[in-house]
2 protein chains.
Amino acid sequence: MQPFGCILMFEVMKRDIFQAIADPTRRAIIALIALQAMTPNALAENFHTTRQAVSKHLRILTECELVKPEYRGREIYYSLEIEKMKEIDEWLEQYRQIWETRYEQLDEVLAVLKSQKG
Amino acid sequence: MQPFGCILMFEVMKRDIFQAIADPTRRAIIALIALQAMTPNALAENFHTTRQAVSKHLRILTECELVKPEYRGREIYYSLEIEKMKEIDEWLEQYRQIWETRYEQLDEVLAVLKSQKG
DNA sequence: ATCTTACGAAACCATTCGGTTGCACTTGAC
DNA sequence: GTCAAGTGCAACCGAATGGTTTCGTAAGAT
């Protein structure tokens with residue numbers, strides 16, 4: 001068997017970030033470790049599941065590089081890779097343009113109504 | 001064990017918008033109808049699936065109010081509810097604050113390095 | 001050296017998911 | 001009225017998902 005700390009424990013497998021954030025527990029994990037790095041045990045105390053279940057979520061989050069492990073003794077501190085969150089923001093950008101355009105159009109309509117009124 | 005509901009409290013919705021956008025086909029549907037309202041038949045021509053499969057995706061998107069049907073004769077035109085997309089943007093907001101803060105800190109570091117260099 | 005703690009892996013299970021096929025209903029054209 | 005077109009729905013199926021339990025291994029404590 002492989003020694004514990006020196007081999008990649010999580011296979012580098014491409015995961016869909018949108019599928020990663022689909023699960024509410026994983027979003028909660030993201031919210032927690034956004035504040036500070038946490039171990040699987042510490043994380044598990046916040047949920048109604050076992051540590052192993054949290055570990056599986058962390059595996060998925062790590063596979064899509066949303067989360068990064070830091071090995072410290074026999075503990076592993078997981079922290080958020082905030083850069084990866086930008087991918088969601090970039091995907092959202094095209095739709096943000098749409099709703100901003102609609103706001104401008106609405107502003108125009110309101111301006112016209114106001115000028116007609118006054 | 002921590003008191004449970006503090007983090008997962010908001011997951012009582014019938015359909016989760018994050019789960020809705022997790023599927024790549026549904027994201028493609030969103031992208032298509034963002035441009036113009038489309039019928040299930042017209043949508044299905046863009047994918048390698050049956051019309052019924054697209055219909056099931058549209059049902060999920062409609063249930064979480066990401067998509068709105070408009071009945072016109074025997075056809076149904078589905079259009080994007082752009083307002084709903086803002087929910088994702090609002091969720092992202094907290095993390096956007098984090099990465100913007102890091103950028104500012106990085107800028108500070110770079111400024112210090114530059115001043116020391118010059 | 002031995003025990004405890006922290007962790008991931010594996011095996012297993014129930015549920016959900018995405019897809020297909022077949023069917024029923026409604027609308028519009030003939 | 002009859003027929004074709006456009007839909008949604010139910011039943012079914014294989015695969016994926018999220019969870020648990022059991023285990024093996026590494027690191028720290030006694």
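Data block above holds the structure.
What counts and what doesn't
- Counting restarts for each chain, with residues numbered from 1 along the sequence as it is written.
- To read the labels, note that chains go from A and ligands from 1, taken in the order they are written.
- With pLDDT at 70 or above as the cut-off, local features in this predicted model cover only qualifying residues; side-chain atom pairs require 80 or more to be listed or tallied, and sums for whole chains, interfaces and linings still use all residues.
- Water and hydrogen atoms were dropped before computing side-chain values, which therefore reflect all heavy atoms in the structure.
- Only DSSP runs of H or I with at least four residues qualify as helices, and only runs of E with at least two residues qualify as strands; both kinds are numbered from the N terminus onward.
- Here, residues are in contact when the closest pair of their heavy atoms is within 4.5 Å.
- Only the protein chains shown count as cover for residues, and the accessible areas themselves come from Shrake-Rupley with a 1.4 Å probe.
- Buried area: the accessible area, evaluated with a 1.4 Å probe, that two parts lose upon being put together, summed over both parts.
- Criterion for a salt bridge: a side-chain nitrogen of Lys or Arg within 4 Å of a carboxyl oxygen of Asp or Glu.
- Just so you know the grouping, Ala, Val, Leu, Ile, Met, Phe, Trp, Tyr, Cys and Pro go in nonpolar, Asp, Glu, Lys and Arg go in charged, and all remaining residues, Gly too, go in polar.
- Least-squares superposition aligns the copies on the C-alpha atoms of those residues with pLDDT at or above 70 in both.
- Two strands are counted as paired when DSSP detects at least two bridges linking them.
- All axes are obtained by fitting lines to C-alpha atoms, using only the stretch in contact for helices, and the reported angles, taken between N-to-C directions, cover 0 to 180 degrees.
- Orientation categories follow fixed angle ranges, with anything under 35 degrees roughly parallel, anything over 145 roughly antiparallel, 65 to 115 roughly perpendicular, and all other angles oblique.

Draft legend 1. Inspection of the overall build of chain A at higher detail. Scanning chain A from N- to C-terminus turns up 5 helices and 2 strands. Taken from N to C terminus, the helices and strands of chain A fall in the order α-α-α-α-β-β-α. Considering only contacts within chain A whose residues lie at least 6 apart along the sequence, 52% involve residues at least 24 apart. Within the structure as shown, chain A displays about 7400 Å² of accessible surface, and the carbon and sulfur contribution to it stands at 53%.

Draft legend 2. Inspection of the interface of chain B and chain A at higher detail. The interface of chain B with chain A comprises 30 residues on the first partner and 34 residues on the second. Roughly 3000 Å² is buried in total at the junction of chain B and chain A, and carbon and sulfur atoms are behind 70% of that figure. Counting the contacts that link chain B with chain A gives 4 salt bridges. Ionic pairing is found between Arg96(A) and Asp89(B), a salt bridge with its closest N-O pair at 2.8 Å. Among the elements of the structure, helix 1 (17-20), helix 2 (24-35) and helix 5 (82-117) of chain B are those that each provide at least two residues to the side of chain B that touches chain A. When residues of the side of chain B that touches chain A are assigned to their parent elements, the largest contribution, 14 residues, is made by helix 5 of chain B. When its residues are assigned to classes, the side of chain B that touches chain A shows 20 nonpolar, 2 polar and 8 charged.

Draft legend 3. Fine view of the relation of the copies chain B and chain A. Of the transformation superimposing chain B on chain A, the axial component is 0.1 Å and the angular component is 180°, with the fit at an RMSD of 0.3 Å. A rotation of that kind, with that shift, is consistent with a two-fold axis. Closest to the rotation axis within chain B is the C-alpha of Ala22(B), separated from it by 3.0 Å. A share of 80% of the interface residues of chain B reappears at the interface of chain A, consistent with the copies meeting face to face through the same patch.

Draft legend 4. Spotlight on the pairing of strand 1 (residues 67-72) of chain A. Residue and element names in this part refer to chain A. Where strand 1 meets strand 2 (residues 75-80), 6 bridges bridge the pair, whose relative direction is antiparallel. If you follow arginine 72 over to strand 2, its bridge partner there is glutamate 75. Linking two consecutive strands that pair antiparallel, namely strand 1 and strand 2, is a turn of 2 residues; a positive phi of about 65° is found at glycine 73 within it.

Draft legend 5. Fine view of the environment of Ala34(A). Mapped onto the secondary structure, Ala34(A) falls in helix 2 (residues 24-35). Put simply, Ala34(A) and Tyr78(A) are 44 residues apart on the chain and 9.7 Å apart in space, counted from C-alpha to C-alpha.

Draft legend 6. Up close: the packing of helix 2 of chain B against helix 4 (residues 51-63) of chain B. All names here are of chain B. Packing of helix 2 against helix 4 leaves a shortest axis separation of 10 Å and a crossing angle of 75°. When the interaxial angle is binned, helix 2 and helix 4 end up roughly perpendicular. Touching Thr25, Arg26, Ile29 and Ile30 of helix 2 are Val54, His57, Leu58, Ile60 and Leu61, all from helix 4. Classifying every residue of the contact of helix 2 with helix 4 gives 6 nonpolar, 2 polar and 1 charged.

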